[in-house]
Amino acid sequence: MTSAFCSGCLTQLRQTPRAILPPPSTAVPRTAAFHTSAPLQKVVQKAKASGYEGPRYRVGANVKIKKKGRPQEKSRPPPPGERKALRKRIVLSNPNALEVEGMQELNGETMVDSRLRGSVLALPVPMIDQLRAVQAFKTSQGWSIFRRPGTVSRRETLEMGRLFDQISNESAGDRSSLKRIITGQRKAGKSVHLLQAMAMGFTKEWIVVSVPDARDLVVGTTSYAPLSEAQPNLYVQNAATAELLSRTATANKKVLSNLLVSQEHAALPTVKPGMTLEDLAKFGIQDQANAWPVFQALWAELTATSATPGLEKHFTPRPPTLVTVDAVGYWMQNTAYHSIKHEPIHAHDFVFVRHFLDLLKPGKGKSALPNGGALLYATSSSNNPSIYAFDVALKQAAARHAGVNPSSSEFPLPEPYSKPDTRVLEALNSPKPTVSKEGMLNVQELGGLTKEEARGFLEYFARSGLLRETISDEWASEKWTLAGGGVVGELEKLGRRLRVAA
Amino acid sequence: MPPRLNLFAARSAVPVVRQPTSASAAQRYAALSRPCQRSSVQSVQRRWTSSDKSTKELAEEQRKAESMPHVSEEAAEINNIMNKEKRCDGTPSSPELEQGTPVSEILSRDKEAQKHAPKVFQNQMKKPSGSRSFSTSARNQLEENKGPMSDAENAALIETMIGQITEETQELMPGLKYPAPASIPKTEHLRRRYSPVIEQFTKNIMRDGKLAKAQKDMSIILDILRSAPPPKINPKRPLLPGPAAPQLPLNPVAYLTLIVDSVAPLIKLLHARGIAGGGQATQIPLALAEKQRRRAAIGWIIDSSAKRKDAKFAHRVANELIAVAEGRSGVWEKRDGVHKLGIAARVNIGAQSQKKKAMSMAY
């Protein structure tokens, strides 16, 4: 006859007396009688609380010493928002850097002066607040190591300056406009090019409307709602629109406070003719539910060429408008938002996005920017979505501007079976405008600086005390090559790179 | 019957084939010609039949060319030389007569002739040479008119000289379009592009092998050092000699190096057991190498930065570095503590070796 105990149980015999006689109040859990170890162990575990009972079943006899790791940080995490504030902080001055002697400021004369090509022009101090308001500075740009912010005057900058000067000098009501999509490789200076455009716009007292990062509107961080019951497939982002109004009102305060409401706005009964456009914008900022109608009203006021009959006394000619959008590639795909049927919403179904993309097309009857101005939309090359249709659309836009007939064989077409997003191709399908002064959509590619410009840029580093080298043509040429043919962001890296004397 | 085969004629008949310049070529030729000897002979014979001269005449010519001239010919030659070299008066020429001897030489060895020499010669012999009343040395008129060389000319002259030298060097170092650089800075090498302290600090702030994160933190630290106000040096805790405090932020690498080197301990303490007996450890001071010293300092700085309240790691470390520079940090106390213990434990320096010696003696 076999024993009822297995050998494993026999080893436990030493501990059993207490377990076998449990206090009458606690019932030993009953299990199947074929094995007794489970209920026994359970009781033993319970008794462990009283103290150490010797090594447990199948536990190694070795002494285990807990390793002392690095002392854990016991300090509390920083208060909410502090880390983000640190991440988003933009520092525009380094008091330790040397003041550059004879540095010129950007103004009406210097922005068109070709003799200053390759030199760094400082941004005027009063304008810095305006540029901060439109979020023209980015954290990835190296503003924080120089005494004061400045940008290099390159060929494209001077060309843009001349165009801005020309548009400003035209008579009000008959100004031309400029439509450009700015492309280029990573660190080529696309965002800084937009910043220079904004600085020139502020210099010429234009109205500057800026979307600093198109990505913010499509990644699902803003509130959204259908536009109206009549149009359930169009969506509005009120919070984002209110922010746009806030940026525009703060940065263009001086210009907007001198312009008066001279149109009828049926959708906004609180808006009275004769109030300033700044106050109009503030309506939308305070009441976010009305942000989109207020923006539409403001846009109608800015693009008005004449007053509604009866309100002529409030009308003054509107200045040209500059619209900049950075990282426009994000607007060429489905967003992170979903419709009521839980289908992804295309970016072009948001009225905000649609408004700015429609400006690229020629206006019906009158120019898209009747008071003149410029549309500058830049692509981004870091962390941007790769959209085939957008790439093709850019090539098509360039070909159309070059005069290639869309039906000819030279016109770039998407590959067969590639299934390009037709909405994207359609959005950039901007034929030659019928209005004489309206510019046609063009694509401008930013390349590297020339060697002379690169030398001027590196000299600026040396004169700021950051670069301890003797700048010669040979040295600058070497760095120009190392920077991939004068890519300005790479030159900046080389300029601030720290070297040890050999 | 004349011999059918004339070797001399055969040699002259195939001059093109007979031109091996080197010994090896000659051997090759010999090896090649051996199997087809017969055919070459035949071709020679064919040549003979086509030529106008008879076999005898050809052989005669050949012998003349190869052997010494005839005795009568040689005699005629010698006669010609003797007769032609003769002077017009018929006496055979001698080297002295032919070349002539200067009068001054004859006068110098003949005292009698000196007396009867012309007066001009006598005057010349009395006066030491070179003391004539007028100068005969020629001068470059152009140079005299120019006066001292101008700077531009000097520069041009030097330039041409340098040009010549560069040309010479280019000849010496073929393959270089431009002269080779004198010395390439240390940091131009890909693997050594960061200065040693920066590299060591970066590797020491690395956690979980994330070097890119550590490099980003390092660049933030250097940017903070660059833009923070210059440190107010505590006179009790001075940094090592280096640039003045207001100049430090503009060279953050030197700034960081100076901070790390200033708090780096000179020694570490080795806890040696079994020397004093009774299970007690004996502290033995050991000198550290530069890298080890820096490692200790960097470790202390990172440890004490953990107590700071800044939101980001890089900011905590950067603020700790500035605190070290200003003498506010606890790292200085750590260094002092190690040095103090080291001084106290100086007596133990030889202890380990003495113990070993004693052990070996006992055995």
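Treat the numbers as computed from the prediction; the structure is a model and nothing was measured.

Some points on the overall build of chain B
Helix and strand content of chain B: 18 helices and two strands. For chain B, with 363 residues in total, the buried portion stands at 15%.

A word on the overall build of chain A
Each helix and strand in chain A was counted, giving 17 helices and 11 strands. For chain A, the proportion of its 502 residues judged to be buried stands at 37%. Taking all contacts inside chain A whose residues are at least 6 apart in sequence as the whole, residues at least 24 apart take part in 73%.

Details of helix α11 (residues 291-302) of chain A
Residues and elements named next belong to chain A. Look at α11: 16 Å from first C-alpha to last across 12 residues, which is about the 16 Å you get at 1.5 Å a residue. Within the sequence span of α11, burial applies to Ala 291, Trp 292, Val 294, Phe 295, Ala 297, Leu 298, Glu 301 and Leu 302. Looking at the buried residues of α11, the elements they touch are β4 (207-211), β6 (235-236), α8 (238-251), α10 (277-286), β7 (321-325) and α12 (351-358).

Some details on the UniProt feature "domain: Small ribosomal subunit protein uS7" (unreviewed entry) in chain B
The residues that UniProt annotates with the feature "domain: Small ribosomal subunit protein uS7" (unreviewed entry) are residues 192-346 of chain B. End C-alpha to end C-alpha, residues 192-346 of chain B measures 38 Å, and it is 53% helix and 9% strand.

Concerning the interface of chain A and chain B
The interface is formed by 15 residues belonging to chain A together with 17 residues belonging to chain B. When the residues that make up the side of chain A that touches chain B are grouped by side-chain class, the tally is six nonpolar, five polar and four charged.

Let's talk about unusual backbone geometry
Residues and elements named next belong to chain A. Here the phi dihedral of Gln 135 falls at roughly 55 degrees; this positive angle occurs in a residue that is not glycine. Its location among the elements puts Gln 135 in the loop between α5 (125-133) and β2 (150-152). In the Ramachandran plot, Lys 187 falls in the positive-phi region, its phi being about 65 degrees despite a non-glycine side chain. Along the chain, the position of Lys 187 falls in the loop between β3 (177-184) and α7 (190-203). Accessibility expressed as a C-beta count within 10 Å gives 22 for Lys 187, which makes it buried.

Let's talk about the pairing of β4(A)
Residues and elements named next belong to chain A. Counting buried positions along β4 gives five out of five residues, so the element sits mostly inside the fold. Residues Ile 207, Val 209 and Val 211 of β4 are buried on one face, and the alternating residues Val 208 and Ser 210, pointing to the opposite face, are buried as well. Pairing analysis gives five bridges linking β4 to β7, with the strands arranged parallel. Paired with Val 211 across the two strands is Val 325, which belongs to β7.

Looking at the nonpolar core
Counting residues in each nonpolar core, the largest one holds 109 residues, and the members touching the most others are Met198(A), Val208(A), Leu245(A), Ala281(A), Trp331(A) and Phe457(A). When residues in this core are grouped by element, the largest group, eight residues, is from α7(A). No fewer than three residues from each of domain 2 (104-112 + 123-138 + 153-446) and domain 3 (451-494) of chain A sit in this core. If sequence neighbours within four positions are ignored, Ala281(A) has contacts with Leu245(A), Thr248(A), Ala249(A), Leu256(A), Val294(A) and Leu298(A). Core analysis: the second largest hydrophobic core is formed by 34 residues, Phe201(B), Leu258(B), Ile259(B) and Ala318(B) among them.

Thoughts on the sheet that holds β4(A)
Pairing between sheet strands relies on hydrogen bonds along the backbone, with the strands arranged either parallel or antiparallel. Residue and element names in this part refer to chain A. Spatially, five strands are ordered β4-β7-β10-β3-β11 in an open sheet, and the strand pairing comes out parallel. Lying at the two open borders of the sheet, with one neighbouring strand each, are β4 and β11 (442-446). In this sheet, neighbouring strand axes are inclined to one another by 20 degrees on average, regardless of whether the strands run parallel or antiparallel. By the bridge criterion, five bridges tie β3 to β11 in an arrangement that is parallel. Opposite Ile 181, over in β11, you have Val 443 as the bridge partner.

Let's talk about the packing of helix α13 (residues 211-227) of chain B against helix α14 (residues 252-263) of chain B
Residues and elements named next belong to chain B. Interhelical geometry of α13 versus α14 gives an angle of 100 degrees and a closest axis separation of 9 Å. Comparing the axis directions of α13 and α14 gives the class roughly perpendicular. Across from Leu 222, Leu 225 and Arg 226 in α13, the residues of α14 making contact are Pro 252, Tyr 255 and Leu 256. Looking at the contact of α13 with α14 residue by residue, the classes come out as five nonpolar, no polar and one charged.

Thoughts on the environment of Pro420(A)
Residue and element names in this part refer to chain A. Assignment of secondary structure puts Pro 420 in the loop between α13 (388-402) and α14 (422-427). For Pro 420, a count of 17 C-beta atoms within 10 Å gives the class partly exposed. Counting along the chain gives 166 residues from Pro 420 to Lys 254, while the straight-line C-alpha distance between them is 45 Å. Ignoring any residue separated from it by four or fewer positions in sequence, one finds Pro 420 in contact with Tyr 388, Ala 389, Val 392, Pro 414 and Leu 425.

A look at the environment of Ala311(B)
Within the secondary structure, Ala311(B) sits in the loop between α15 (290-305) and α16 (313-325). In this structure the C-alpha to C-alpha distance between Ala311(B) and Lys126(B), which are 185 residues apart in sequence, comes to 108 Å. Once residues within four sequence positions are removed from consideration, Ala311(B) is found in contact with Pro78(A), Glu82(A), Arg83(A) and Leu86(A).

Re the packing of α13(B) against α16(B)
Residues and elements named next belong to chain B. Close contact between α13 and α16 brings their axes to 9 Å; oriented N to C, the two are set at 45 degrees. Taken together, the axes of α13 and α16 lie oblique to each other. At the point where α13 passes α16, the crossing takes the right-handed sense. Between α13 and α16, the residues in contact are Asp 217, Ile 220, Ile 221, Ile 224 and Leu 225 and Phe 313, Ala 314, His 315, Val 317, Ala 318 and Leu 321, respectively. Grouping the amino acids of the contact of α13 with α16 by side-chain chemistry returns nine nonpolar, one polar and one charged.

Some thoughts on the confidence of the model for chain B
Per-residue confidence for chain B gives a mean pLDDT of 77, with 69% of residues at or over 70. Here the prediction assigns the complex a pTM of 0.71, and the interface score ipTM is 0.79.

Some points on the pairing of strand β8 (residues 334-338) of chain A
Residues and elements named next belong to chain A. Both β8 and strand β9 (residues 344-346) contribute to a ladder of two bridges, which runs antiparallel. Residue pairing in the sheet places His 338 in a bridge with Pro 344 of β9. The turn linking β8 back onto β9 is made up of five residues, and His 342 within it adopts a positive phi angle of 60 degrees.

Some points on the environment of Ile233(B)
Residues and elements named next belong to chain B. As for its position among the elements, Ile 233 is in the loop between α13 and α14. For Ile 233, a count of 15 C-beta atoms within 10 Å corresponds to the partly exposed category. Ile 233 sits 128 residues away from Met 361 along the chain, and the two C-alpha atoms are 55 Å apart. Look past the residues within four positions of Ile 233 in its chain and what remains in contact with it is Pro 238, Leu 239, Ala 245 and Glu 326.

Calculation notes
Numbers given to residues run from 1 along each chain, matching the order in which its sequence is written. The naming scheme follows written order: chains are lettered A onward, ligands numbered 1 onward. Local features are withheld for residues below a pLDDT of 70 in this predicted model, meaning they are given only at 70 or higher, and side-chain atom pairs are given and counted only at 80 or more; totals for whole chains, interfaces and linings count all residues. Labels follow the DSSP assignment, with helices taken as runs of H or I lasting at least four residues and strands as runs of E lasting at least two, numbered in each case from the N terminus. In this scheme every C-beta is placed from the backbone, and a residue whose C-beta has 20 or more other C-beta atoms within 10 Å is buried, one with 12 or fewer is exposed, and one in between is partly exposed. We call two residues in contact if the C-beta atoms placed from their backbones are at most 7 Å apart. Given a helix with a known number of residues, its expected span is that number minus one, times 1.5 Å. UniProt positions are given in the numbering used here, feature names are shortened, and annotations may be inferred rather than shown by experiment. Amino acids are sorted into nonpolar (Ala, Val, Leu, Ile, Met, Phe, Trp, Tyr, Cys and Pro), charged (Asp, Glu, Lys and Arg) and polar (every other residue, Gly among them). Strand pairing follows a simple DSSP-based rule, namely that at least 2 bridges must link the two strands. Only buried Ala, Val, Leu, Ile, Met, Phe, Trp, Tyr and Cys residues enter a nonpolar core, and they are joined through C-beta atoms within 7 Å. Segment limits for the domains were obtained from an automatic or database-derived domain assignment. Lines are fitted to the C-alpha atoms to define the axes, a helix being fitted only along its stretch in contact, and any angle between axes, read from their N-to-C directions, falls within 0 to 180 degrees. The scheme is simple: roughly parallel for angles under 35 degrees, roughly antiparallel for over 145, roughly perpendicular for 65 to 115, oblique for anything else. Two helices cross in a left-handed way if the nearer one is turned anticlockwise from the farther one by less than a right angle. They cross in a right-handed way if the turn is clockwise. pLDDT is a per-residue confidence score from the predictor, ranging from 0 to 100.

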